[in-house]
Amino acid sequence: MARPLSLNGQDPVAQGLQRAVYLHPDDDTKLIKVLLPQAETHNRSVFGNWAESTFPSLRSRHVRKEYLEYLRVMLANQAPEFQPPISHMYGFVATDRGLGCLTEKVMGETGGLAVTLRQLLVENRLSDAHLELLNTTVTRLYDLNIRASDLKTRNFVFGKRFQAGSLGPMECVLIDGFGDIHAIPVRSMGRWPNRLGLDDSCKRMAARHGLIFDIRQRQFRKHVR
């Protein structure tokens, strides 16, 4: 049996409510998402902590839904040149921090992690070029009927992906938050309910961060000052 990858010597490069993200120690093109022990999850609601304690399978539900959505999209689009607007996923690996989900690393301009939409908004650096890339990705989410239940500005990144041994063009990638994670999977029932769900998620994200979401064009734009 192969020895688990060692992550204990490094700090996570990102962390959400349930998972921590680490650089792969041996592969600069990949990241490892590790489910946090319940004792290390913070800022959860009392109900959320109770539900996970009572129904342990809820701890991995998000991961299952994420992989199922990735598989659905890739199996429906098998052309060799197809590049999804969501991050590629490569299965699981044993680590000394627990079972890790392998995912691609979207590269920033200087070789580090790609910048998030949240960073650009906070630093007032969102350019027209960034907005065009974001809207291209949003259009593809609709066109490919991707179920994205957790659209947040920290889940959209701008960078380059490895393609055939080299870096591809600059693009916007949804790196987390895809999959129908709702208790009643309405978005999985058809294209129409999923479009309504995407509409609602995009409107909410725009309202929280000072953007405008044009519901007719299904495109983001900045306020004109």
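Let us look at the structure shown here. (Residues numbered from 1 in each chain as written. Predicted model: local features only at pLDDT ≥ 70, side-chain atom pairs only at ≥ 80, totals over all residues. Heavy atoms only, no water.)

1. Some points on the side chain of Thr153
Phase 1 of the analysis: With respect to the helices and strands, Thr153 occurs in the loop between α4 (128-143) and β7 (156-159).
Phase 2 of the analysis: Here the side chain of Thr153 touches His209 through a polar contact of 3.4 Å, side chain to side chain.
Phase 3 of the analysis: Not counting chain neighbours up to four residues away, the residues in contact with Thr153 comprise Thr116, Leu117, Arg118, Leu121, Met205 and His209. (Helix = DSSP H or I, 4+ residues; strand = E, 2+ residues; numbered from the N terminus. Polar contact = N/O pair within 3.5 Å; in protein donor to acceptor, adjacent residues only side chain to side chain. Contact = heavy atoms within 4.5 Å.)

2. Looking at unusual backbone geometry
Phase 1 of the analysis: Look at Asn124: it is not a glycine, yet its phi comes out positive at around 55°.
Phase 2 of the analysis: With respect to the element layout, Asn124 can be found in the loop between α3 (117-122) and α4.
Phase 3 of the analysis: Notably, Arg218 is not glycine yet its phi reads approximately 55°, a positive angle.
Phase 4 of the analysis: Mapped onto the secondary structure, Arg218 falls in the loop between β11 (211-214) and β12 (219-222).
Phase 5 of the analysis: When its relative accessible area of 23% is taken as the criterion, Arg218 is described as partly exposed. (Buried < 20%, exposed > 50% of the residue type's maximum accessible area, 1.4 Å probe, protein only.)

3. Focus on the environment of Met89
Phase 1 of the analysis: Positionally, Met89 belongs in strand β4 (residues 89-95).
Phase 2 of the analysis: According to the relative accessible area criterion, Met89 is buried, its value standing at 8%.
Phase 3 of the analysis: Sequence separation between Met89 and Leu31 is 58 residues, and the spatial gap between their C-alpha atoms is 9.7 Å.
Phase 4 of the analysis: If we ignore the near neighbours within four places in the chain, the residues touching Met89 are Glu66, Tyr67, Tyr70, Leu102, Thr103 and Phe178.

4. Some words on the sheet that holds strand β2 (residues 19-23)
Phase 1 of the analysis: Here we have five strands laid out as an open sheet, ordered β1-β2-β3-β5-β4, and antiparallel in their pairing. Since the sheet does not close on itself, it has two edges, and those belong to β1 (14-15) and β4, each with one partner.
Phase 2 of the analysis: As defined by bridge partners, β2 adjoins strand β3 (residues 30-35) across five bridges and the pair is classed as antiparallel. Among the inter-strand pairings, Val21 is bridged to a residue of β3, identified as Lys33.
Phase 3 of the analysis: Sheet strands in contact with helix α2 (residues 61-76) are β2, β3, β4 and β5 (98-104), and its direction is about 145° off that of β4. (Pairing = 2+ DSSP bridges. Axes fitted to C-alpha atoms, helices over the stretch in contact; angles between N-to-C directions.)

5. Some words on the packing of α4 against helix α5 (residues 191-208)
Phase 1 of the analysis: The interhelical angle for the contact between α4 and α5, taken along N-to-C directions, is 155°, at an axis separation of 10 Å. The angle between α4 and α5 places the two elements in the roughly antiparallel class. Residue-level contacts link Val138, Leu141, Tyr142 and Asp143 of α4 to Arg191, Arg195, Leu198, Asp199 and Cys202 of α5.
Phase 2 of the analysis: For the contact of α4 with α5, the class distribution of residues is five nonpolar, no polar and four charged. (Parallel < 35°, antiparallel > 145°, perpendicular 65-115°, else oblique. Nonpolar A, V, L, I, M, F, W, Y, C, P; charged D, E, K, R; others polar.)

6. Some points on the packing of aromatic side chains
Phase 1 of the analysis: Here the structure, examined in full by the defined rule, presents two aromatic pairs.
Phase 2 of the analysis: Centre to centre, the rings of Phe213 and Phe220 are 4.9 Å apart; their planes meet at 55°, and the pair counts as tilted. Residues Phe213 and Phe220 agree in their burial class; the two are buried.
Phase 3 of the analysis: Across from the ring centre of Tyr90, 4.8 Å away, lies the NZ or CZ of Lys30, which sits over that ring. (Phe/Tyr/Trp six-rings, centres within 6.5 Å; stacked < 30°, edge-to-face > 60°. Lys NZ or Arg CZ within 6 Å of the ring centre and 35° of its normal.)

7. Focus on the pairing of β3
Phase 1 of the analysis: With five of six residues buried, β3 lies mostly within the body of the structure.
Phase 2 of the analysis: Here β2 folds back onto β3, and the loop between the two strands holds six residues.
Phase 3 of the analysis: The pairing of β3 with β5 spans five bridges and is classified as antiparallel. By the bridge assignment for β5, Val34 is matched with Gly100.

8. Digging into α2
Phase 1 of the analysis: Over its 16 residues, α2 extends 23 Å from the first C-alpha to the last, a length consistent with the 22 Å expected when each residue adds 1.5 Å.
Phase 2 of the analysis: If you check which residues of α2 are buried, you get Arg61, His62, Val63, Glu66, Tyr67, Glu69, Tyr70 and Val73.
Phase 3 of the analysis: Against β2, β3, β4 and β5 lie the buried residues of α2. (Expected span 1.5 Å × (residues − 1).)

9. Describing the environment of Lys105
Phase 1 of the analysis: With respect to the element layout, Lys105 can be found in the loop between β5 and β6 (115-116).
Phase 2 of the analysis: For Lys105, a relative accessible area of 5% puts it in the buried group.
Phase 3 of the analysis: With 77 residues separating them along the chain, Lys105 and Asp28 place their C-alpha atoms 7.6 Å apart.
Phase 4 of the analysis: Discounting chain neighbours no more than four positions away, the residues touching Lys105 are Leu23, Asp28, Thr29, Lys30, Leu31, Gly111, Gly112, Leu113 and Lys160.
Phase 5 of the analysis: Side chain to side chain, Lys105 and Asp28 meet in a polar contact 3.0 Å long.

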